[in-house]
There are 2 protein chains.
Amino acid sequence: MTLRALFLGQGIKKPFTEVIRANIGDAQAMGQQPITFLRQVMALCTYPNLLDSPSFPEDAKKRARRILQACGGNSLGSYSASQGVNCIREDVAAYITRRDGGVPADPDNIYLTTGASDGISTILKILVSGGGKSRTGVMIPIPQYPLYSAVISELDAIQVNYYLDEENCWALNVNELRRAVQEAKDHCDPKVLCIINPGNPTGQVQSRKCIEDVIHFAWEEKLFLLADEVYQDNVYSPDCRFHSFKKVLYEMGPEYSNNVELASFHSTSKGYMGECGYRGGYMEVINLHPEIKGQLVKLLSVRLCPPVSGQAAMDIVVNPPVPGEESFEQFHREKESVLGNLATKAKLTEDLFNKVPGIHCNPLQGAMYAFPRIFIPTKTVEAAQAHKMAPDMFYCMKLLEETGICVVPGSGFGQREGTYHFRMTILPPVEKLKTVLQKVKDFHIKFLEKYA
Amino acid sequence: MTLRALFLGQGIKKPFTEVIRANIGDAQAMGQQPITFLRQVMALCTYPNLLDSPSFPEDAKKRARRILQACGGNSLGSYSASQGVNCIREDVAAYITRRDGGVPADPDNIYLTTGASDGISTILKILVSGGGKSRTGVMIPIPQYPLYSAVISELDAIQVNYYLDEENCWALNVNELRRAVQEAKDHCDPKVLCIINPGNPTGQVQSRKCIEDVIHFAWEEKLFLLADEVYQDNVYSPDCRFHSFKKVLYEMGPEYSNNVELASFHSTSKGYMGECGYRGGYMEVINLHPEIKGQLVKLLSVRLCPPVSGQAAMDIVVNPPVPGEESFEQFHREKESVLGNLATKAKLTEDLFNKVPGIHCNPLQGAMYAFPRIFIPTKTVEAAQAHKMAPDMFYCMKLLEETGICVVPGSGFGQREGTYHFRMTILPPVEKLKTVLQKVKDFHIKFLEKYA
């Protein structure tokens, strides 16, 4: 809307030829090509006449047939069960088991969702509606992905902020969790702890030790853990690895794995596939109280079912071609190409930002965003106030007006008082990203001079 | 869940070989074939390589290209605007204008949704959250589609029942609306009036006169009108015609068309296409207060966007082949075949039910359900109480156990105290439907004898 207001009806010439939307993690809109195999299976499911076509590989046909056989009337056009198509939930469970080195996953604990957002808001709705005398507190990282603050506000719950440590690559420090929960107890009942790993907007990838500490803390405080793991395939730093909360929970032993309540989320929108438009996703829940589970099923059934095409897309993500299958090589090549490119762009972005005076950028260990800190002169703060804007919003608006580059001010995600940031995706193709970074650099230097 | 509980783990032999799910309006699950043209366009959008294939007609390709050009990166995999893809909203507006004989529709007033359910619950959320000293009342028909009662309860609003007139083919009587709103004013603030036309579960198609009366009533009482018109293509009685609330509103003159707030809903799930799984739908809003519109956009943007594949499906529904186009004849034939079949089955169902002693069935003027009244002996009521069930639930469970036919008790939709009904879809193929009806008849007669 802001973009629109800016560009419509103003009629004046802009000093750029193209708006670059580096504000949203929308890979295919930035030119990333869909994974061929995924779209082949989807096309076969959509129009089963193609199952007779010699132009489609057998392994794609095999998967399409399997999905269709599990659909009512063998059609993507039928409703599925509210929890999702059975065989797709089975494939998700098998994927999680493989991913977590054998830690078992139960298809009954898998819920297919309309993107991850739907799963997150649904489970939060149930956890918050529990009642009790004081309002429910939901702990979220700062900076956070704004879905969390929006849903908490919709649900009239209390947002309990814990701050990630920018000095330490945006790591989560469990002492900060302790501080936050203690202070929150004065005015609400903290029940849920939300984690985003790899981080959005920070790009931080949590260490195994950190995850253990968080789980122990959740166990101590009897908090429901909500692990947003939609960037699980997006890890770039050679020193980092993705560890799922589920796996670490099980490895910590039965005292934890039998008691800590956990919901974790995945999506077709991120990773190497970037299929945002299909709104596919799943949630795995562990140790959910049977009563809550009943409420969950009831709530989901009101909306009938998640889009079945999105469910099918999720199936390909968790059940990709394996070595020996006809499509394996192409699939593997396409996947590695996307992820390799993202890794290159993550490094490029970090390096370039850190060469600009007045910008500091932590390593982009994962996800698909840079969240650099910008040190802006006091005069900017005054100029922004004159425009009734947050200082970083003012900065981002100027950047947009002068370069056509659209990024999101840090105030949209939350940041420590008096610090300023913006979030920029690394999704533009490499050459374009270089231009973008150069333009941001030039803009920033001019901006500093102007408001010095 | 009930079905499951019944059939799993019981191990005893059932007196039937197949469960017939006549409980849900899921056309393709009952064997209805997808409309070829719709699926061709969807397949082309999904896997654009097919645009080079000679096996797809040019008019399908033309539409696919148009949709893709309006998508970020020319891909269904990109997020759309939260309100939906622009050109699809334009096509929806053009469709409404044609449908309503030239009454203009503005694409800015169109919101694409995740099925109609999503639109209905989103707009209700906003209308209810308005605040004020007393709780918001939402008027709904009884019997109703249970989405309404569920969302009202989720939102902690007050459900205000108005009863449809079973003696008069389930017509809506405006005097009953007056009674309901007057009584409600004692304990809540009635703000919204929900209408389902053609009716679910009643199958009633409202007359133009009735719609005028309702609009006048909404204008008098300053109620927001919510018109659920997802069955607008499903009208079977030769004496009935679908009139949209929008059209009638405009024909009543500016006093109404400039003041009455209206949201109307459509979906890909019903009609002749039955594409439930794609979760496509739209909502048109008229005279929405700009502040409410702002809240709506904000709320929608939290969930990013409706599934783009569902949006594409909606596009084909509102922009089908026209005379002269390559696919027109096949499309027309397929559409008329589905609708003709439904009309035959509607008549068949009414006629057969009315031959059974103790069943009375109003004409199925539209939609895809019968909602017959069953007159059951007092002994049944006692037997049901012994099982802690509503009497019609008891009846439906017995029907399921003895015949494998799954229908929904009237208590799920609401009914006048002391009356009993069930809802059954007319979606099984004609021959199977005949068997189903015969089995219900035999069951009913036996049931009456047993509990006489």
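Every chain's residues receive numbers from 1 upward, in the order its sequence appears when written. Ligands are numbered from 1 and chains lettered from A, in the order in which they are written. Since the coordinates come from a predicted model, pLDDT governs what is reported: local features require at least 70, and pairs of side-chain atoms require 80 or more to be given and counted, while whole-chain, interface and lining totals use all residues. To obtain the side-chain values, all non-hydrogen atoms of the structure were included, while hydrogens and water were left out.

You'll find chain A entered in an unreviewed UniProt entry as alanine transaminase, with Fukomys damarensis given as the organism. UniProt positions are given in the numbering used here, feature names are shortened, and annotations may be inferred rather than shown by experiment. UniProt's Catalytic activity (unreviewed entry) comment on chain A is quoted here verbatim: "L-alanine + 2-oxoglutarate = pyruvate + L-glutamate".

Novice: Account for the overall build of chain A, with residues named and values stated.
Specialist: Note on conventions: DSSP H or I runs of at least 4 residues are helices, E runs of at least 2 residues are strands, and numbering of each starts at the N terminus. The helix and strand tally for chain A stands at 16 helices and 14 strands. Dimensions along the principal axes, computed over C-alpha positions, put chain A at roughly 65 × 60 × 45 Å. Taken across its 452 residues, chain A has 60% of its residues classed as buried. In chain A, the share of contacts with a sequence separation of at least 24, taken over all contacts with a separation of at least 6, comes to 71%. All accessible-area figures derive from a Shrake-Rupley calculation using a 1.4 Å probe, and residue coverage is judged against the displayed protein chains alone. When the accessible surface of chain A is summed, it comes to about 17500 Å², and 51% of that surface belongs to carbon and sulfur atoms. The centroid of the 48 positive side-chain charges in chain A is displaced by 5 Å from the centroid of its 50 negative side-chain charges. Only protein chains enter the accessibility calculation, which uses a 1.4 Å probe. A residue is then buried if its area is under 20% of the maximum for its type, exposed if over 50%, and partly exposed in between. Contacts between residues were defined by any pair of non-hydrogen atoms, one from each residue, lying within 4.5 Å. This count recognises Lys and Arg as positive and Asp and Glu as negative, with His and chain-terminal groups excluded. Where a charge lies is defined by one atom per residue type: Lys uses NZ, Arg uses CZ, Asp uses CG and Glu uses CD.

Novice: Break down the nonpolar core for me, citing the residues and quoting the values.
Specialist: If you look at the biggest cluster of nonpolar residues, it comprises 234 residues, and the most contacted ones within it are Ile123(A) and Ile123(B). Within this scheme, the nonpolar core is defined by two criteria: the residues are buried Ala, Val, Leu, Ile, Met, Phe, Trp, Tyr or Cys, and they are joined through side-chain atoms within 4.5 Å. Listed in part, the 34 residues of the second largest apolar core include Trp170(B), Ala227(B), Met252(B) and Val260(B).

Novice: If you had to explain the pattern of salt bridges to someone new, which residues and values would you point to?
Specialist: Here a salt bridge means any side-chain nitrogen of Lys or Arg lying within 4 Å of a carboxyl oxygen belonging to Asp or Glu. With the rule as written, the count across this model stands at 46 salt bridges over all chains. The salt bridge partner of Glu154(A) is Arg303(B), with a shortest N-O separation of 3.3 Å. Taken together, the residues Glu154(A) in helix α6 (residues 147–154) and Arg303(B) in the loop between α11 (290–302) and α12 (308–318) connect one chain to another. Classification of Arg303(B) as partly exposed rests on a relative accessible area of 27%. Note that Lys247(A) and Glu251(A) form a salt bridge whose closest N and O atoms lie 3.3 Å from each other. One end of the pair is Lys247(A) and the other is Glu251(A), both in helix α9 (residues 245–251) and 4 residues apart, which spans about a single turn. For Glu251(A), a relative accessible area of 41% corresponds to the partly exposed category.

Novice: Residue-level account of the confidence of the model for chain A, with values.
Specialist: For residues with low pLDDT, the predicted coordinates do not support detailed interpretation. A residue's pLDDT is simply how confident the predictor is in it, with values from 0 to 100. When pLDDT is averaged across chain A, the result is 93; 97% of the residues are at 70 or more. Here residues 1–9 of chain A is a poorly scored stretch, pLDDT under 50, and it has 15 contacts once near neighbours within four places are set aside; other chains count.

Novice: Explain helix α7 (residues 174–184) of chain A to me, and be specific about the residues and the numbers.
Specialist: For an α-helix the count is 3.6 residues per turn, leaving residues at separations of three or four pointing the same way. All names here are of chain A. Val174, Glu176, Leu177, Ala180, Val181 and Ala184 are the residues of α7 that are buried. In an axial view of α7, the angular spread of the buried residues amounts to 150 degrees, which keeps them on one side of the axis. Structurally, the start of α7 carries an N-cap: the backbone nitrogen of Asn175 is 2.8 Å from a side-chain oxygen of Asn173. Here the arc refers to the set of directions running from the helix axis out to each C-beta atom. Counted as a polar contact is a pair of N or O atoms within 3.5 Å, where, for protein atoms, one must be capable of donating a hydrogen and the other of accepting one, and residues adjacent in sequence contribute only when both atoms are in side chains.

Novice: Talk me through the sheet that holds strand β10 (residues 369–370) of chain A; I want residue IDs and the actual numbers.
Specialist: What links the strands of a sheet is backbone hydrogen bonding, and the strands pair in either a parallel or an antiparallel sense. Residue and element names in this part refer to chain A. Strand pairing is defined by DSSP finding a minimum of two bridges between the two strands. Pairing is antiparallel in the open sheet, where 3 strands are placed in the order β10-β14-β13. Unpaired on one side and paired on the other, β10 and β13 (408–409) mark the two borders of the sheet. With 2 bridges joining them, β13 and strand β14 (residues 422–425) adopt antiparallel strand pairing. Pairing of Val408 across the sheet is with Arg423, part of β14.

Novice: Would you mind going over the side chain of Thr113(B) in detail, with residue names and values included?
Specialist: With respect to the helices, strands and loops of the structure, Thr113(B) is situated in strand β2 (residues 110–114). Here Thr113(B) falls in the buried class, since its relative accessible area comes to 3%.

Novice: Go over the domain arrangement of chain A, please, and point to the residues and values.
Specialist: All names here are of chain A. Each assigned domain of chain A is listed here: domain 1 (2–31 + 331–450) and domain 2 (79–318). For domain 1 and domain 2, the distance between their C-alpha centroids amounts to 28 Å. Between domain 1 and domain 2, the residue contacts involve 30 residues of the former and 32 residues of the latter. Accessible area that two parts lose when put together, with a 1.4 Å probe and added across both, is what the buried area reports. Across the domain 1/domain 2 interface, buried area totals approximately 2600 Å², and carbon plus sulfur atoms make up 54% of it. It is Asn362, Gln365 and Phe413 that lose the most area in domain 1 upon contact with domain 2, and together they represent 25% of the buried surface on that side. Taken together, the connections running from domain 1 to domain 2 amount to 16 residue pairs in polar contact (both at pLDDT 80 or more). Domain segmentation is taken from an automatic or database assignment of domains.

Novice: Any details on unusual backbone geometry? Residues and values, ideally.
Specialist: Residue Pro143(A) is bonded to the preceding Ile142(A) through a cis peptide linkage, with omega at 0 degrees. With respect to the helices and strands, the residue Pro143(A) is situated in the loop between β3 (136–142) and α6. Phi at Asn287(A) takes a positive value of approximately 60 degrees, unusual for a residue other than glycine. Here the phi dihedral of Lys222(B) falls at roughly 50 degrees; this positive angle occurs in a residue that is not glycine. Among the structural elements, Lys222(B) can be located in the loop between α8 (208–221) and β6 (224–228).

Novice: Could you give an account of the packing of aromatic side chains, naming the residues involved and the relevant values?
Specialist: Residues and elements named next belong to chain B. For Phe, Tyr and Trp, where Trp contributes only its six-membered ring, two rings pair if their centres lie within 6.5 Å, and the inter-plane angle classes them as stacked under 30 degrees, edge-to-face over 60, or tilted in between. Under the definition given, this model contains 30 aromatic pairs over all chains. Taking 5.9 Å as the distance between ring centres and 85 degrees as the angle between the ring planes, the aromatic pair formed by Tyr272 and Phe331 counts as edge-to-face. Pair noted here: Tyr272 is in the loop between β7 (262–267) and β8 (280–286) and Phe331 is in helix α13 (residues 328–353), with a separation of 59 residues, a long-range link. Among the residues examined, Phe331 registers a relative accessible area of 6% and is labelled buried. Arranged with centres 6.0 Å apart and planes meeting at 20 degrees, the rings of Tyr395 and Phe422 form a pair that is stacked.

Novice: Requested: an account of the interface of chain A and chain B, with residues and values cited.
Specialist: Each side of the interface is counted separately: chain A has 50 residues, and chain B has 50 residues. Both faces combined, the contact of chain A with chain B buries some 3800 Å², and carbon together with sulfur accounts for 57% of it. At the boundary of chain A with chain B, the tally comes to 4 salt bridges. Between Lys125(B) and Glu154(A) there is a salt bridge, and its shortest N-O distance comes to 2.8 Å. For the pair chain A and chain B, the interface holds 27 residue pairs in polar contact (both at pLDDT 80 or more). For the side of chain A that touches chain B, the secondary structure elements donating two or more residues are α2 (36–46), α5 (115–128), α6, α11 (290–302) and α12 (308–318) of chain A. Counting residues per element, the side of chain A that touches chain B draws most heavily on α2(A), at 7 residues.

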